[in-house]
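Below are the chains, spelled out letter by letter.
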Amino acid sequence: MKRYDCLQALAAEVNDALVVSSAGAMTLEWNSLHPSDGNLRVRTLGLCSSIALGMALGLPHRKVVALDGDGSLLMNLCSLPTIARMQPGNLVHIVFDNEVYEASGSKKTATGAGTDLVAMARAAGIKNSQWAKTGDEFAKVAVAALRGSQLCFIGAKVSTDRTAVPPFPIDEVENKYRFIRHIEKSENIEIFRTNLPASYV
Amino acid sequence: MTAAESAKIIVNGLKDAGINLIATLPDINLSDLLREVEEAKGVIHVPLCREEEGMGICAGGYLVGKKCATIMQNGGFFNSNNAIVSTLLQYQIPVLLLIYYAGDIGDRTFATTGGLTEPVLQALGIRYYIMRDIGDAPELIKRAQILAEDSKKPIALLLTKELLGRRPALTSL
C-alpha cells in the first residue's frame, strides 16, 4: 500500500476538517493533494497527536484529523492514553506505518520489529482502533471515521515509497497565522484581538 | 492562608485572565490547586501522562481560539523543552506555564532541579516571575497572560510553597 494513494482517498472526503500532519514527506504529499489553510505542519517529532487533541477539544463540533507516522507516535505514546481519557468524538487519528524513521535517514523503528500500534491504541482505551490492510479498506474506514462521530484510530502499513511533490511553501509562523485566520473566518470567531495602545484608553 | 484557599485564588485568577484550557500533571504540592482545576466550570481540563504532550495540546487549543495554561513541576518543564522550543517558540504560541518550583530555598528535595530551573528559562528566553505572595497572584496572572499574548511566547510563573499555602510566607524575598 502506498501512503500517497491513501492520502488521495482521504483528500476526496476530508471537506473542511482540520488536518495536522507530522513532519516529513507525508506533509508535502498531503499539501499537494489538499492545499488548505486548515492544514498544520508539525515540526516537533511526536507532537502531531497532541496538537490534534488540543484542536479537537477546543472545537468539538469540527472534525480534526491527525496524520501521524510510526516514528512520531512511538516518541509520544503517552498521547494515546490521554486521547482515550478525553474521548474527543471529533478526532480521527491516522498512522501511516512504514516501519522506518523516513525523514531521519530511514533507520528501522520498533514497529518493524513487531510493535503493534493499533493494539497499543486499543489497549490505551481507544476502542475503535483498526488496521486498514488494503487501499480499498483504508478508503472505507477513513470515510466511515470522517462521517461518524466517534474517536477513531486507523493504522495503515505503507511502503517507504515517496511521491515527488513540491516543497511546503510556508514557514511555521505563516502556517500559524494562515491557520488561525482560517479558523476565525470559518468559525466566525475572533482569535487575534488588537487592543488599543494604552494612550488611547 | 490554607492550601485550599490559595488554590481557589489562583484558579479564579486564571479564569479572570481568560484561561479556558488547562493541561496538568500532579505534584504533591499542587494537590489542592489541581483539585480546584478539576472542579472549575468553563475550563477544559486535560490530565497528562507526560508534560511535553501538554505543550502540543495547548498549541492546538490556541490555534482554534482557546487561552491555554499548563500546571506542572519544574521536572516536567524540563521534560517539555523540545516541544517548547520547536513548537511554542518556533510558531510563536502564547501559553502560561505554571511551574511548581521544587528545589526552591528551604526545600529538602530536588535542589539540582531547583538550581537549574531559572537558568533554563533564561536560556530559552522565556520571561518568568516568581510568585511568593498569594495577594499578588490574580493581578500577576492577568499581566502574565497579557504579556504572553503581546509577545506571542510562553510566559512562566514559578509557584513556590508559600504561594501554595504550604509553608509560612517570607515577604522580604
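Check the entry above for the structure.
The structure presented is a predicted model; accordingly, all values stated were derived computationally and were not measured.

The rules behind each value
Residues numbered from 1 in each chain as written. Chains lettered and ligands numbered in written order. Predicted model: local features only at pLDDT ≥ 70, side-chain atom pairs only at ≥ 80, totals over all residues. Heavy atoms only, no water. Helix = DSSP H or I, 4+ residues; strand = E, 2+ residues; numbered from the N terminus. Rg over C-alpha atoms; globule rule 2.2 N^0.38 Å. Buried < 20%, exposed > 50% of the residue type's maximum accessible area, 1.4 Å probe, protein only. Contact = heavy atoms within 4.5 Å. Expected span 1.5 Å × (residues − 1). Arc of directions from axis to C-beta. Pairing = 2+ DSSP bridges. Axes fitted to C-alpha atoms, helices over the stretch in contact; angles between N-to-C directions. Right-handed = clockwise from strand over helix to strand, strands pointing away.

Trainee: Go over the overall build of chain B with me, naming the residues and quoting the values.
Mentor: What chain B contains, in helices and strands, is 7 helices and 6 strands. Secondary structure elements in chain B, listed N-terminal to C-terminal, are α-β-α-β-α-β-α-α-β-α-β-α-β. A compact globule built from 173 residues would reach a C-alpha radius of gyration of about 16 Å, and chain B, at 15 Å, matches this within 12%. Each principal axis of the C-alpha atoms in chain B carries an extent, and together these give about 40 × 35 × 30 Å. Residue burial in chain B is summarised as follows: out of 173 residues, 58% are buried. The long-range fraction of contacts in chain B, counting pairs at least 24 apart against all pairs at least 6 apart in sequence, stands at 76%.

Trainee: If you had to explain unusual backbone geometry to someone new, which residues and values would you point to?
Mentor: If you check the backbone angles, Asn 15 of chain A has positive phi at about 50 degrees while not being a glycine. Along the chain, Asn 15 of chain A falls in the loop between helix H1 (3-11) and strand E1 (18-21).

Trainee: Describe in detail helix H7 (residues 137-151) of chain B, supporting the description with residues and values.
Mentor: All names here are of chain B. End to end, H7 covers 21 Å across 15 residues, agreeing with the expected 21 Å (1.5 Å per residue, within 8%). Turning to H7, its buried residues number three or more, namely Ala 137, Ile 141, Ala 144, Gln 145, Leu 147 and Ala 148. All buried residues of H7 project into a common sector of 160 degrees when viewed along the axis, lining one side. Among the exposed residues of H7, those pointing more than 90 degrees away from its buried face are Arg 143 and Asp 150. For H7, the elements touching its buried residues are helix H1 (3-16), strand E4 (96-100), strand E5 (128-131) and strand E6 (155-159). A positive phi of about 55 degrees marks Lys 152, the residue just after H7.

Trainee: So what's going on with the sheet that holds E4 of chain B? Which residues, and what values?
Mentor: Residue and element names in this part refer to chain B. Within the open sheet, the 6 strands sit side by side as E2-E1-E3-E4-E6-E5. Their pairing is parallel. The open sheet is flanked by strand E2 (44-47) and E5, the only strands paired with a single partner. Each strand of the sheet is rotated relative to its neighbour by a mean of 20 degrees, with strand direction disregarded. Here strand E3 (residues 68-73) runs beside E4; their pairing, made up of 5 bridges, is parallel. What sits directly across from Ala 69, in E4, is Leu 96. The strands touched by helix H3 (residues 51-63) within the sheet are strand E1 (21-24), E2, E3 and E4, with E3 carrying the most contacts at an inclination of about 170 degrees.

Trainee: Pulling in residues and values, what's your account of the pairing of E5 of chain B?
Mentor: Residues and elements named next belong to chain B. Two strands pair when backbone bridges link them, and E5 and E6 are joined in this way by 4 bridges, in the parallel orientation. Of the residues in E6, the one forming a bridge with Tyr 128 is Ala 156. Traced from E5 through H7 to E6, the parallel crossover comes out right-handed.

Trainee: Go over the pairing of strand E7 (residues 129-132) of chain A with me, naming the residues and quoting the values.
Mentor: All names here are of chain A. Taken together, the 4 bridges between E7 and strand E8 (residues 152-157) define a ladder with parallel strand orientation. Looking at the pairing, Trp 131 lines up with Gly 155 of E8. Regarding the hand of the β-α-β motif, the stretch spanning E7, helix H7 (residues 135-147) and E8 is right-handed.

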